[in-house]
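Examining the three-dimensional arrangement
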Amino acid sequence: MNWHLLGAGSLATLWAVRLARAGHPIRLILRNDDRLAAYRAKGGLTLTEQGRATSHAIPAELPSAPEPISRLLLACKAYDAEQAIDGLAHRLASNADVLLLQNGLGSQQAVQTRVPDARCLSVSSTEGAFREADFRVVHAGLGQNWLGDPAGGPPPAWLDQLQGAGIPCQWTPTILPRLWRKLALNCAINPLTVLLDCRNGGLLAERSWVSILCAELTQLLEHCAGAEAALGLEEEVLRVIQATASNYSSMHQDVSRRQRTEIAYLLGYACTTATRHGLVLPALNDLEAHLRQRLRSLGLPDS
Ligand code: NAD
Ligand code: KPL
C-alpha cells in the first residue's frame, strides 16, 4: 500500500527517503504545479546523512491527483496543517490513517475535526533536520519519534514497517502528555532565546527567569497533562539547555530567517489553555506578550 507524504520539507524528506530505501511505495504531495515542476527539475530529494548526500527520485503528485489515500504523513508546519488536510480530505479512504508530525498542540485536534472518519495519530519527534536548499535536507540530529492515538486504540499494524525502514519510532499510549511535555520544554527555552537573541546556552545566565517559567509550566502540566508529565521539568529544561548550548532554538532560527513561527501552537496554546482552566500564570503571559510584540516589530505574524 502506498504511503502518501505531504510536504517535501525537512522531516518529510527524512521519512520519505528511509521508507523509499526500504522498498515501500511512496508518493510525495506537493503544493501546486510550480512546486511539482521545480521538484521534477531537481530530479528528486537529496538527503545528507553523516556528511554523505544521496538522491532519491521519489514520485510526486498534486493534492488533486485521483488515487485514494490510505496512509498519509502530514509533515508541514502546525499553521499549515488545517489547510493541507482540507486539500486532501476528499481523497482519504474510509479507513485512512493520518500521521500528524506537527510540533506543539492544537493543530492535531483541528485536523481530526476536519476529517472525523480518519484515524489521526500524533507524532512527537526529537529528530533534527534542516533544509539547506530546495528539496535538499540535512539529517542533523538523531532522535526518537513517539507515535500515539490521542483517542486511544491499539498500535497500527504498519508500525513495524516504519521501524524496519530505520525510522526510530515507538508507540506510546500516552501521546498527549508527551506532546504537552515537549511543548513545555519549547515554551521554557524558545521564546527566551528569541527575546534575548541568544543560543540555547545563553539561557544559563538567565537561570532565575527559566526557573519562574518552569514553575508555571509545571502547574500547567499538572493540570492538563497529569502529575507524571510535570515531574522534574526544570531539571530536564536545564539538561536540554546544556546539551544544546551551542544551538539556536527552532523558533530563533525561524525568526532569523524572517519566517513565521509556530507560537500559536506552543506558547500561545499554553497561555490560552491556562486561561481556559482558570490558572493564573503571569510570567508565561508576560513572555507571550513580549514575544508577540517582538514578532510584530519584525513584521512577522504574532500568532
Ligand atoms: P519544513 O518547513 O521544512 O517543511 C514543511 C513543508 O510542508 C514545506 O516544504 C511546505 O512547503 C510544505 N507544505 C505546507 N503546506 C503544504 C500544502 N498545503 N501542500 C503541500 N506542501 C505543503 O518543516 P519541518 O521542519 O519538516 O517541520 C514540520 C513539523 O515538524 C513542524 O511542526 C516542526 O516544528 C516539527 N519538527 C521539526 C523538526 C526538524 O528538525 N525539522 C524536529 C521536530 C519537530
Ligand atoms: O526542540 C527544541 C527546539 O529548538 O525547538 C529544543 C532543542 C528542545 C529547544 O526548545
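A brief structural summary. Note that the structure is predicted; figures quoted are calculated from it, not measured. (Residues numbered from 1 in each chain as written. Chains lettered and ligands numbered in written order. Predicted model: local features only at pLDDT ≥ 70, side-chain atom pairs only at ≥ 80, totals over all residues. Heavy atoms only, no water.)

On to helix 7 (residues 207-224), then. The end-to-end C-alpha distance of helix 7 is 25 Å, a good match for the 26 Å that 18 residues give at a rise of 1.5 Å each. Residues of helix 7 that are buried include every one of Val210, Leu213, Cys214, Glu216, Leu217, Thr218, Leu220 and Leu221, and no others. Residues of helix 7 that are buried in the fold lie against helix 6 (175-195), helix 8 (227-230), helix 9 (233-243), helix 11 (267-276) and helix 12 (282-297). Gly226 lies just past helix 7 and shows a positive phi near 100°. (Helix = DSSP H or I, 4+ residues; strand = E, 2+ residues; numbered from the N terminus. Expected span 1.5 Å × (residues − 1). Buried < 20%, exposed > 50% of the residue type's maximum accessible area, 1.4 Å probe, protein only. Contact = heavy atoms within 4.5 Å.)

Every one of the 24 residues lining ligand 1 counts as a neighbour, but Ser10, Leu11, Asn103, Ala129 and Glu262 are closest to it. For ligand 1, whose unbound accessible area comes to 830 Å², protein coverage reaches 86%. Looking at the shell around ligand 1, the elements with two or more residues in it are helix 1 (10-21) and strand 9 (128-133). When grouped by side-chain class, the residues that make up the shell around ligand 1 number 11 nonpolar, seven polar and six charged. (Near = heavy atom within 4 Å. Areas by Shrake-Rupley, 256 points an atom, 1.4 Å probe, with all protein chains shown as cover. Nonpolar A, V, L, I, M, F, W, Y, C, P; charged D, E, K, R; others polar.)

What links the strands of a sheet is backbone hydrogen bonding, and the strands pair in either a parallel or an antiparallel sense. Here we have four strands laid out as an open sheet, ordered 4-3-10-9, and mixed in their pairing. Each edge of the sheet is formed by a strand with only one pairing partner; in this case those strands are strand 4 (52-56) and strand 9. Taking the axes of each pair of neighbouring strands and ignoring which way they run, one obtains an average angle of 25° across the sheet. Bridge count between strand 3 (residues 45-49) and strand 4: five bridges; the pairing is antiparallel. Paired with Leu47 across the bridge in strand 4 is Thr54. Running at roughly 90° to strand 3, helix 1 makes contact with strand 3, strand 4, strand 9 and strand 10 (136-141) of the sheet. (Pairing = 2+ DSSP bridges. Axes fitted to C-alpha atoms, helices over the stretch in contact; angles between N-to-C directions.)

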